[in-house]
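Here's the letter readout for the chains.
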Amino acid sequence: MTAELLDGSAQAIAAAVRSGRASAREIVQETLRRIEVRNSALGAFTDVTATRALAKADAIDMGRARGASLGPLAGAPFAVKNLYDIEGVPTRAGSKINRDRAPAESDATLIARLEAAGGVLVGALNMGEYAYDFTGQNAHYGPSRNPHDLGHMTGGSSGGSAAAVAGGLVPIALGSDTNGSIRVPSSFCGVFGLKPTYGRLSRAGAFPFVASLDHVGPFGRTVGDLALAYDAMLGRDDADPAQADMPATPVTQTLEDGVAGLCVATLGGYFARSAEPCAFSAVGALARALKAERVVELAGAEEARSAAYLITMVEGAALHLERLRERAADFDPDVRDRLIAGAMLPGAWVVQAQKFRRRFRAAALALFRGVDILLAPATPCRAPKLGQKTFVLDGQEMLVRPNIGLFTQPISFIGLPVVTAPVWTEGEKLPIGVQIIAAPWREDLALRVAWALERDGVVRAPVAKLSP
């Protein structure tokens, strides 16, 4: 039964632990066994916190024996992208340089909140160096591999997080998303991902990349798990000065409110070109299921992507300037070269990009006066092969690494909340994702739509068929 539970949801695991049908220790032991057996193929974990996880599981089991109330994630294993601080573990952020950092003295806020809800941390996950990556291929720790076809990319930079969930290692994982680093791996690996509104969840204890664009959020195999994890992580945290002063509004109890009365539209224009047909077919499948016939355009999306690139390069370079001066040879050359280029860009360009950002956000908010949800592709294609350098979009050969995020960057540029939902086509080994985009602070609406689509079988996140 334990193996079956681990192929299911965190909700099911917690229910089994609360009822006594399974112990938290049994769940964690099986999780650790799976990591040992499967991780060499997947490249998902860089650190396993076995001793800590077993101690936490025992504490949960003892609490149940005493009749204590257990949390909504009781006994459910989770793991985090290795840019989150884990007490006693150096925070790698996907880099060689950070190996030399002293171990973190405390957990990141979101880890502490998930464990307070009963979750059990089992380790840290592979990622692109300093989160500057869309492929999931790390020069220092090796690539994370797509569980549905090990010869293909997971996407990045939260590739290990998506691989761990899709590969049946954990039901929930945490990632980060600056330009698409939750949504791209969700699309390629066929799991659900939530990028909340910018400023919604605390980033305290998460190694930064681009402070004005960084988001944090969960991956899951069910929409219900996304909602449970999101609810557990809500709340003001003074340790993150960029967090918005918004009330914590849980969403789990609203999932079954459904989609009746919601106005859903498909994004056209920029979001309806430069992709393989499967990307648009996936959007069309969701639109038909939701009876969404309206098509709208978000003016300025192409310019928004360019501005996001500019801000990313300049802010990223500023963050890493000292490391570039002292240890340039220890960077992944692809990351190093882009950071150096960012350091040479004129500051006046960033000022103009930020001014455009305000105008673009105003255009998006105007759209939401007439619609509740927007649908758009998450990626322009299914997962490319590991090592693949180019692909062809609209008859034009383009570089893979900088263009995987062409549909995600304009959305994170203005901090909108998004659920990525995986779509499977009969006969295809790999999925592709669709962005379900809501107005700021309306994560509840995006999750309601995703939940209804999952309930009706339009989207799903199966565990990949790997060895036991």
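It should be emphasised that the depicted structure is a prediction, and the values quoted were computed from it without experimental measurement. (Residues numbered from 1 in each chain as written. Predicted model: local features only at pLDDT ≥ 70, side-chain atom pairs only at ≥ 80, totals over all residues. Heavy atoms only, no water.)

Enquirer: Looking at this structure, I do not really get the layout of surface pockets. What am I missing?
Expert: In this approach, a probe sized like a water molecule rolls over the atoms, and the result shows the empty space that is left. Taken as a whole, the largest pocket holds about 220 Å³ of empty space. Together, 14 residues line the largest pocket, and Thr135, Gln137, Asp334, Lys389 and Arg401 are the ones closest to its centre. At the level of secondary structure, the elements contributing two or more residues to the lining of the largest pocket comprise strand S4 (137-138) and helix H13 (400-403). Residue contributions to the lining of the largest pocket peak at three residues, all from H13. (1 Å grid on protein atoms, 1.4 Å probe; cavity = no way out; pocket = protein on both sides within 12 Å on 5 of 7 lines; lining within 4 Å. Points joined across faces, edges and corners; volume = space filled by probe spheres on them. Helix = DSSP H or I, 4+ residues; strand = E, 2+ residues; numbered from the N terminus.)

Enquirer: Could you clarify how one ought to interpret the sheet that holds strand S6 (residues 172-177) in this entry?
Expert: Strand order across the open sheet formed by 11 strands is S1-S3-S2-S6-S8-S7-S14-S15-S11-S9-S10, with mixed pairing between neighbours. With one partner strand each, in any of the chains shown, strand S1 (45-48) and strand S10 (294-296) form the two edges of the open sheet. For this sheet, the mean inter-axis angle between neighbouring strands, taken without regard to orientation, is 30 degrees. Bridge analysis of strand S11 (residues 373-377) against strand S15 (residues 432-438) gives five bridges, and the strand direction is antiparallel. For leucine 374, the partnering residue across the bridge sits in S15 and is isoleucine 437. Running at roughly 160 degrees to strand S3 (residues 120-125), helix H4 (residues 50-65) makes contact with S1 and S3 of the sheet. Sitting on the sheet, helix H5 (residues 109-116) is in contact with strand S2 (77-81), S3, S6 and strand S8 (215-220), with an inclination near 175 degrees to S2. (Pairing = 2+ DSSP bridges. Axes fitted to C-alpha atoms, helices over the stretch in contact; angles between N-to-C directions. Contact = heavy atoms within 4.5 Å.)

Enquirer: Mind showing me how you'd approach the nonpolar core here?
Expert: One broad rule of soluble globular proteins: the nonpolar side chains tend to lie buried together. Counting 158 residues, the largest nonpolar core has Phe45, Tyr84, Phe413 and Ile436 as the members making the most contacts within it. In terms of residue count, helix H10 (residues 301-327) provides more of this core than any other element does, nine residues in total. Setting aside residues up to four positions removed in sequence, isoleucine 436 forms contacts with Leu286, Ile373, Leu374, Leu375, Pro417, Val418, Val419, Ala421, Ala446, Val449, Ala450 and Leu453. (Core = buried A, V, L, I, M, F, W, Y, C linked by side-chain atoms within 4.5 Å. Buried < 20%, exposed > 50% of the residue type's maximum accessible area, 1.4 Å probe, protein only.)

Enquirer: Would you mind going over empty space enclosed by the protein with me for this structure?
Expert: Tallied over the entire structure, the rule returns four cavities of 30 Å³ or more. Considering only enclosed or pocket space, the largest cavity measures out at about 120 Å³ in volume. Those elements giving two or more residues to the lining of the largest cavity turn out to be H10 and H13.

Enquirer: Just to check I follow, could you spell out the packing of H10 against helix H12 (residues 347-367) for this structure?
Expert: Between two packed helices, what matters for the description is the angle formed by their axes and the separation of those axes. Axis separation between H10 and H12 bottoms out at 9 Å; the angle between their running directions is 140 degrees. On the basis of their axis angle, the class for H10 and H12 is oblique. In this structure, the crossing between H10 and H12 has a hand that is left-handed. On the side of H10, the interface is formed by Ala301, Glu303, Ala304, Ala307, Leu310, Ile311, Val314 and Glu315, while H12 contributes Trp349, Val350, Ala353, Gln354, Phe356, Arg357 and Phe360. Per-class residue counts for the contact of H10 with H12 are 11 nonpolar, one polar and three charged. (Parallel < 35°, antiparallel > 145°, perpendicular 65-115°, else oblique. Left-handed = near helix turned anticlockwise from the far one by under 90°. Nonpolar A, V, L, I, M, F, W, Y, C, P; charged D, E, K, R; others polar.)

Enquirer: How should I be thinking about the side chain of serine 176 in this particular structure?
Expert: The residue serine 176 is located in strand S6 in this model. For serine 176, a relative accessible area of 6% translates into the label buried. For serine 176, the side chain forms a polar contact with the side chain of lysine 81, separated by 2.7 Å. The contacts of serine 176, once residues within four sequence positions are left out, are Lys81, Leu83, Ser158, Ser181, Ile182, His215 and Val216. (Polar contact = N/O pair within 3.5 Å; in protein donor to acceptor, adjacent residues only side chain to side chain.)

Enquirer: How do you make sense of the environment of alanine 15 when you look at a structure like this?
Expert: Here alanine 15 shows up in helix H2 (residues 10-19). Along the backbone, alanine 15 and glycine 75 are 60 residues apart, and their C-alpha atoms lie at a distance of 9.2 Å.

Enquirer: What is the right way to read the side chain of serine 181 from this model?
Expert: With respect to the helices and strands, serine 181 occurs in the loop between S6 and helix H7 (183-189). Here serine 157 takes part through its backbone nitrogen, which lies 2.9 Å from a polar atom of the side chain of serine 181. When neighbours within four sequence positions are excluded, serine 181 is seen to be in contact with Lys81, Ala131, Asp133, Phe134, Gly156, Ser157, Ser158, Ser176 and Phe219.

Enquirer: Got a minute to help me understand the packing of helix H3 (residues 24-42) against H4 in this structure?
Expert: Running from N to C, H3 and H4 cross one another at 160 degrees; their axes reach a closest spacing of 8 Å. Judged by the inter-axis angle, H3 sits roughly antiparallel to H4. In the crossing of H3 with H4, the sense of the turn from one axis to the other is right-handed. The segment H3 lies against H4, with Ala24, Arg25, Val28, Gln29 and Leu32 engaging Ala50, Ala53, Leu54, Ala57, Asp58, Ile60 and Asp61. The residue makeup of the contact of H3 with H4, split by class, is eight nonpolar, one polar and three charged.

The analysis is restricted to geometry; functional conclusions fall outside its scope.
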